[in-house]
Amino acid sequence: MNTDLAATASRPWWRRPARSDRWALYWFLAVPAVIFILPALFGHPAIDADNLIQNFPLRVLAGQQIASGHLPLLDPLTNAGTPLLGGMNAGALYPLTVIFAFIPPIVAWLINMIVVYLTASIGVFALCRWHGLRTWPSFAAALCYTYSGAMVGQMVHLGVVQGYSFIPWALLVMVALSRRLNELEGSPSWHLARVGFPWVVGVAILWGLTFLSGEPRAIASIELLTLVVVPCVLLLRSSYWLRSWRLRIAYLATLAVGFAWGVGLGLVQLLPGWSFINFSERSEVNYGFYGAGSLAVRWTTLLFTPDLLGGNGAFGQPAFFANYNLAEVTGYVGILALIAGAAFLTRLTRKGWRGADRDWVIYAVIGIIGLLATWGSFTPLGHLFRDIPLYGSTRLQSRNVILVDFPLVMFLGRWLQLVRDGQVERAGLSRRSRWFTLLPAFVAIVLLVGLLGWGTWVIQKVGITHDVYATLEGGLKLANSLFLAIAVLSVVAIVLMARHARKLFCVLVAILVCDIALFVIFTSSGLIGGQGPREASQSAAEHLLSSGGRFALVDQGGVHTGFYRTIGEPNMNVFTHIASVQGYGALVSGIYDNATGTHPQAMLNACHLADGTFTQLRLGAIAISSSELMLKTVLARPVPRTCVPQQSEPTVTRYFGERLKPRELILTSDSNSHNAPLSTTPLSLRFINGSGHVFGTTYSATDASAKKAVFDFAAPPFAAGFEVTSSSGVVIGNAVVTPYSSKWSYELDTNFELAIATSKWHMTSTEDTFSVFKATSLVPRAWLTTKSAGSVTNIRTATWGDAWVSVTLSKASVLERSEAYLPGWRATAVNSTTGRVVQLKVSRVGLIEKVDVPEGTWVIHFHYHAPYIEVGVAVTAASIVLLIGVGLWFLRQSRRRRNSKVIS
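Predicted model, so just to flag it, every value in this text is computed and none were measured.

**Student:** Just checking my understanding: could you explain the overall build of the chain for this structure?
**Tutor:** Broken down by element type, the chain carries 28 helices and 22 strands. For 904 residues, the compact-globule estimate of 2.2 N^0.38 gives 29 Å, and the chain sits close to it at 32 Å. For the chain, the residues scored as buried account for 58% of the 904 residues in total. Taking the contacts inside the chain whose residues are at least 6 apart along the sequence as the reference set, 77% of them involve residues at least 24 apart.

**Student:** It is not clear to me how the sheet that holds strand E9 (residues 719-730) should be interpreted in this structure. Could you clarify?
**Tutor:** Within a sheet, adjacent strands bond to each other through the backbone by hydrogen bonds, running parallel or antiparallel. Taken in spatial order, the 4 strands make up an open sheet running E4-E9-E6-E7, and their pairing is antiparallel. If you trace the sheet from one side to the other, it starts and ends with strand E4 (649-660) and strand E7 (694-701), each paired once. Neighbour-to-neighbour, the strand axes of this sheet turn through a mean angle of 20 degrees, independent of strand direction. In terms of strand pairing, strand E6 (residues 683-688) meets E9 through 5 bridges, oriented antiparallel. Each bridged residue has a counterpart across the sheet, and for Leu-685 the counterpart in E9 is Val-724.

**Student:** Even after reading the chapter, I still don't get the sheet that holds strand E20 (residues 843-845), so can you show me in this structure?
**Tutor:** Taken together, the 4 strands give an open sheet; going across it, the order is E14-E17-E21-E20, and neighbouring strands pair in antiparallel fashion. Here the strands that pair on one side only, and so sit at the sheet edges, are strand E14 (782-784) and E20. When the angles between neighbouring strand axes are averaged without regard to direction, this sheet yields 35 degrees. In terms of strand pairing, E14 meets strand E17 (residues 813-820) through 3 bridges, oriented antiparallel. Bridge pairing links Trp-783 to Glu-816 in E17.

**Student:** Before we go on, may I ask you to explain the packing of aromatic side chains in this structure?
**Tutor:** The geometry of an aromatic ring pair is captured by two quantities: the separation of the ring centres and the angle between the planes. Counted under the stated rule, the structure contains 41 aromatic pairs. With a centroid separation of 5.8 Å and 70 degrees between ring planes, the pair formed by Phe-687 and Tyr-699 is classed as edge-to-face. Here Phe-687 is found in strand E6, whereas its partner Tyr-699 is found in strand E7, with 12 residues between them in sequence. Linked through ring pairs, Tyr-145, Phe-344, Trp-353, Trp-360, Tyr-363, Phe-406 and Phe-411 together constitute an aromatic cluster. One residue, Arg-796, lies across the ring of Trp-804, its end atom 4.2 Å from the ring centre. A cation sits over an aromatic face here: Arg-817 above Phe-862, 4.4 Å from the ring centre.

**Student:** In this structure, what is going on with a nonpolar patch on the surface? I would like to understand it.
**Tutor:** A contiguous nonpolar patch, built from Val-34, Ile-37, Leu-38, Leu-41 and Phe-42 and spanning about 530 Å² of accessible area, is present on the exposed surface. What makes Leu-41 exposed here is its relative accessible area of 67%.

**Student:** What's the story with the pattern of salt bridges in this structure? I'm lost.
**Tutor:** For side chains of opposite charge, pairing can occur when their charged atoms come near one another. Per the counting criterion, the structure on display carries 15 salt bridges. The closest approach of N and O atoms between Arg-565 and Glu-569, which form a salt bridge, is 3.7 Å. Glu-569 carries the same exposure label as Arg-565, and that label is buried. Of the charged contacts, one joins Glu-849 and Arg-817 as a salt bridge, the two residues approaching to 2.8 Å between their closest N and O atoms. One end of the pair, Glu-849, is in strand E21 (residues 848-853); the other, Arg-817, is in strand E17, with 32 residues separating them in the sequence. By the burial criterion, Glu-849 is buried, and Arg-817 matches it. In the salt-bridge network here, residues are joined through shared partners; they are Arg-347, Asp-357, Arg-414 and Arg-426.

**Student:** Is there a simple way to explain helix H9 (residues 216-235) in this structure?
**Tutor:** Each full turn of the α-helix corresponds to 3.6 residues, which orients residues three or four apart in the same direction. The end-to-end C-alpha distance of H9 is 29 Å, a good match for the 28 Å that 20 residues give at a rise of 1.5 Å each. Of all 20 residues that make up H9, 16 are buried, and the element is covered over most of its length. A distance of 3.0 Å separates the backbone nitrogen of Arg-217 from a side-chain oxygen at the start of H9, and that oxygen is part of Glu-215.

**Student:** Hey, could you run me through the pairing of strand E16 (residues 803-809) in this one?
**Tutor:** Look at any regular strand and the pattern is simple: side chains alternate between the two faces of the sheet. Of all 7 residues in E16, 6 are buried; the element is thus mostly enclosed. Sheet topology note: the strand E15 (residues 790-797)/E16 ladder contains 7 bridges and is antiparallel. Following the sheet pairing, Thr-797 is matched in E16 by Ala-803. Where E15 hands over to E16, the hairpin turn is made up of 5 residues, of which Gly-801 adopts a positive phi near 115 degrees.

**Student:** Looking at this structure, how should I read the side chain of Ser-213?
**Tutor:** With respect to the secondary-structure elements, Ser-213 resides in the loop between helix H8 (189-212) and H9. The class of Ser-213 is buried, set by a relative accessible area of 2%. Among residues more than four places away in sequence, those in contact with Ser-213 are Arg-59, Met-88, Gly-91, Tyr-94, Gly-159, Gln-162 and Ala-218.

**Student:** Where do I start with the packing of helix H13 (residues 335-345) against helix H20 (residues 477-497) in this structure?
**Tutor:** At a minimum axis distance of 10 Å, the contact between H13 and H20 shows a crossing angle of 45 degrees. The pairing of H13 with H20 is recorded here as oblique in orientation. On H20, the residues that touch Ile-335, Leu-336 and Ile-339 of H13 are Ile-486, Ser-490 and Ile-494. Tallied by class, residues from the contact of H13 with H20 come to 5 nonpolar, 1 polar and no charged.

**Student:** Sorry if this is basic, but what is going on with the nonpolar core here?
**Tutor:** The nonpolar side chains of a soluble globular protein tend to be buried, and buried together. With 213 residues, the main nonpolar core has Trp-299 and Trp-415 as its most contacted residues. With 16 residues, helix H7 (residues 158-182) is the single largest residue contributor to this core. Leave out the neighbours within four places in its chain, and Trp-415 touches Leu-336, Ile-339, Ala-340, Ala-343, Ala-427, Leu-429, Ile-494 and Leu-508. Ala-80, Val-554, Leu-609 and Leu-617 belong to the second-largest nonpolar core, a separate cluster that totals 32 residues.

**Student:** Please clarify how a positive patch on the surface should be interpreted in this entry.
**Tutor:** On the surface, Arg-237, Arg-350, Lys-351, Arg-354 and Arg-358 cluster together into a patch of positive charge. The topology assignment puts Arg-358 in the loop between H13 and helix H14 (361-375). Residue classification places Arg-358 among the partly exposed positions, given a relative accessible area of 34%.

**Student:** For this particular structure, what's the right way to read the state of the cysteines?
**Tutor:** Considering all chains together, one arrives at 0 disulfides under this definition. Cys-128 takes part in no disulfide bond, and the closest cysteine sulfur, belonging to Cys-144, lies 11 Å away. Here Cys-514 is not disulfide-linked; the sulfur of Cys-144 is the nearest cysteine sulfur, at 13 Å. What makes Cys-514 partly exposed here is its relative accessible area of 42%.

**Student:** Explain the environment of Val-419 here, please?
**Tutor:** Counting through the fold element by element, Val-419 comes out in helix H16 (residues 402-420). Sequence separation between Val-419 and Arg-686 is 267 residues, and the spatial gap between their C-alpha atoms is 81 Å. What Val-419 contacts, discounting residues up to four positions off in sequence, is Ala-427, Leu-429, Ala-501, Leu-504, Phe-505 and Leu-508.

**Student:** I keep staring at the packing of H9 against H14 and nothing clicks. Help me out?
**Tutor:** Two numbers describe a pair of packed helices, the interaxial angle and the distance between the axes. For the pair H9 and H14, interaxial distance at closest approach is 10 Å and the crossing angle is 145 degrees. In the packing of H9 onto H14, the handedness of the crossing is right-handed. Side by side, H9 and H14 meet where Leu-224, Leu-225, Val-228, Val-229, Cys-232 and Val-233 of the first sit next to Ile-362, Val-365, Ile-366, Ile-369 and Ala-373 of the second. In terms of residue class, the contact of H9 with H14 is built from 11 nonpolar, no polar and no charged.

**Student:** Looking at this model, I keep getting lost on helix H5 (residues 135-146). Mind explaining?
**Tutor:** Here H5 spans 16 Å end to end across 12 residues, near enough to the 16 Å set by a 1.5 Å rise per residue. For H5, the complete set of buried residues consists of Thr-135, Pro-137, Ser-138, Phe-139, Ala-140, Ala-141, Ala-142, Leu-143, Cys-144, Tyr-145 and Thr-146. Residues of H5 that are buried sit in contact with helix H1 (19-41), helix H4 (105-130), helix H6 (149-153), H7, H16 and helix H21 (501-522).

Procedures and definitions
Residues numbered from 1 in each chain as written. Predicted model: local features only at pLDDT ≥ 70, side-chain atom pairs only at ≥ 80, totals over all residues. Heavy atoms only, no water. Helix = DSSP H or I, 4+ residues; strand = E, 2+ residues; numbered from the N terminus. Rg over C-alpha atoms; globule rule 2.2 N^0.38 Å. Buried < 20%, exposed > 50% of the residue type's maximum accessible area, 1.4 Å probe, protein only. Contact = heavy atoms within 4.5 Å. Pairing = 2+ DSSP bridges. Axes fitted to C-alpha atoms, helices over the stretch in contact; angles between N-to-C directions. Phe/Tyr/Trp six-rings, centres within 6.5 Å; stacked < 30°, edge-to-face > 60°. Lys NZ or Arg CZ within 6 Å of the ring centre and 35° of its normal. Patch = residues over 30% accessible without salt bridge, like charges linked within 9 Å, V, L, I, M, F, W, Y side chains within 5 Å. Areas by Shrake-Rupley, 256 points an atom, 1.4 Å probe, with all protein chains shown as cover. Salt bridge = Lys/Arg side-chain N within 4 Å of Asp/Glu carboxyl O. Expected span 1.5 Å × (residues − 1). Polar contact = N/O pair within 3.5 Å; in protein donor to acceptor, adjacent residues only side chain to side chain. Parallel < 35°, antiparallel > 145°, perpendicular 65-115°, else oblique. Nonpolar A, V, L, I, M, F, W, Y, C, P; charged D, E, K, R; others polar. Core = buried A, V, L, I, M, F, W, Y, C linked by side-chain atoms within 4.5 Å. Lys, Arg positive; Asp, Glu negative; His and termini not counted. Charge placed at Lys NZ, Arg CZ, Asp CG, Glu CD. Disulfide = S-S within 2.5 Å. Left-handed = near helix turned anticlockwise from the far one by under 90°.

Here it is as structure tokens:
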């Protein structure tokens, strides 16, 4: 039997690379450099979706604060009840976030992306080479892992792919450590500890970087991998099975010490993050939350054809049209990887796998556990996964598909090596096993033929029952035809060339490259940024939203996402420097979210807008989509009032949210009042222009006792709303407008309409199909609850969130400040006359903070300290110093060894 894959052929995981290895490494660097830098040069850097509104701007903000000499603890520009470091999404102290402090943001982002994909590819390559695979099978497996499946699908979540890139390295450290310890059987304990120390460092760095990424899913993926691999190493018979209890204890101790050190490295992120989770909407995670985002079992077919339910919209194909998200279901690593996995199964005997194949059983276990974890709550085993500490507190279980992708690409590397060496039997290509090996290709062919011939029926069988969505499948014929060609070519090549090892290997590599290319073209999302800027325009934002207060953007349907990003959709207001009451992140204060409803992107609670909840937050400008102000009558008639009471007013306004030409306007009185008229005196109606001013002709309705008034307009102007007045007051229960050249009529009594159409707001601008409203008055940034006690004389703020409030009090009073309350705020008062320093307790009042201030003249310094930040900084700093010291020691020892060799 050829021993290329035998355990004895594997080498130390780190050694001087051969010439072919160096060429592979050059390619690993060149490929991400090209695919990320080239689109950026044409204005489309890989910043899209959540990266655009979350990961990129928050890292820019973290870099700005680091550059100012402060820890990135708070985002003062969102005031959304979410810190910066504790909010996790920013990866605020991840090493590659720090570079945002020194170089242009997009350049720093591109470096982050290149490093992630370089790390992933080298990790798989190094692991394959450690297993004894030759350069080019290893290279093929590395490319497959890095540029297909979840690594590309989750590109829109930087923190997630950062964690994914560590998976091959984590496995390499765990299995290489066990092999190294086996070589030392019989050695004294001190020698085991000395040899194991470098592995402690490796484990510490991996866990430390994972924790510092701030991404809970990245942490959960490495955790689950560890929980699978360690028992496999201890229990499964293989070349890295530990042969004595002494070695097993040394193995576990090494991993435990490395993990503890990694916790120390990441503690500056973990403590604030864990503390805020307990204050956030995720403080109580139930099974429903855990199961949210699990991959439906029937959607596992996406592993056979990635565009089953739509792709990325390239070449006119429909975008993903199921009730989920393309990035969250993408796991396709190619038909050859599936064939390679099936080939490994052909080696299974009644006594399990034998010989060198046993070293690969660990990947089968990872794949099976990974698939079950991906299905999450769709299987009864979901409850077992839910009980895993930390892991069970995360959602979006579909992201575990990376633990299916990873073993499949490792099997691919193994299989390509066997094919290249002509080991037909071990490659599952003998006459008796060939058809089972090709089974995944046959499944893909049947599925793709079904999609091409009976697409709507197939789509309905996988759960898309809506006829409109099911018929969209017809637009996928190009992609399905090309993926069908890949599957057919794979079968033909394997059947006809099974005995021609080198030719088959070359053909399979060509097929693999084509498969990856098709996947990137039709299924990747986030690789090439969409239209619009990556950085919001400060001038555009100031023109529309400047009010002296904070702003909000409302567009639940996402129609204006492109333009909202131009003016600084949170968190993109990092670039406009205008504060918002919204912020988009995985974590938000539960109190803040319940009161404001701002956690969903571009949304807030209309009822609380009406009841004045946002007054204390100094909401000064709000842009609202016309779809939130007008509702088609076919959807609801009349619109139910849920939070805004109806009352008689001298002037009643209604806004369209866009400029239109009204053909008919129908006003109806309160339907809940018996025979209540609209008014007891004549009504007057005038239109409102796009700037919020009344203009043009006055229209009258003289029947004072009518419950209904109908206005027909022969030649109306373009208007953005109307105003109805009556000397005795107007009571409008329902208003319906019918525009010219439209078959639809629209209700004008949505909760947002009624909340904004009051004297507290006035319209200042109408842009396309949304309008901007500004508050008629704002509360100050800080105020005394007892006005007679004194006054606030000065307020000064810093870009990192600190504020200095000067007050003069003749008696003690309460100072309230318009800043969302978070645990960690502190206040230090310095008496301007005596120099006395007093620590004031910061408490919550509503959504904001307050302090009790004693009599005197004070300068009160409000400063945010993330909970336990002192402990986190101290432990992380000590861990880093220790790591640097160990590194210098290794470097010194290495130089000594080189010098001793030269002397000898």
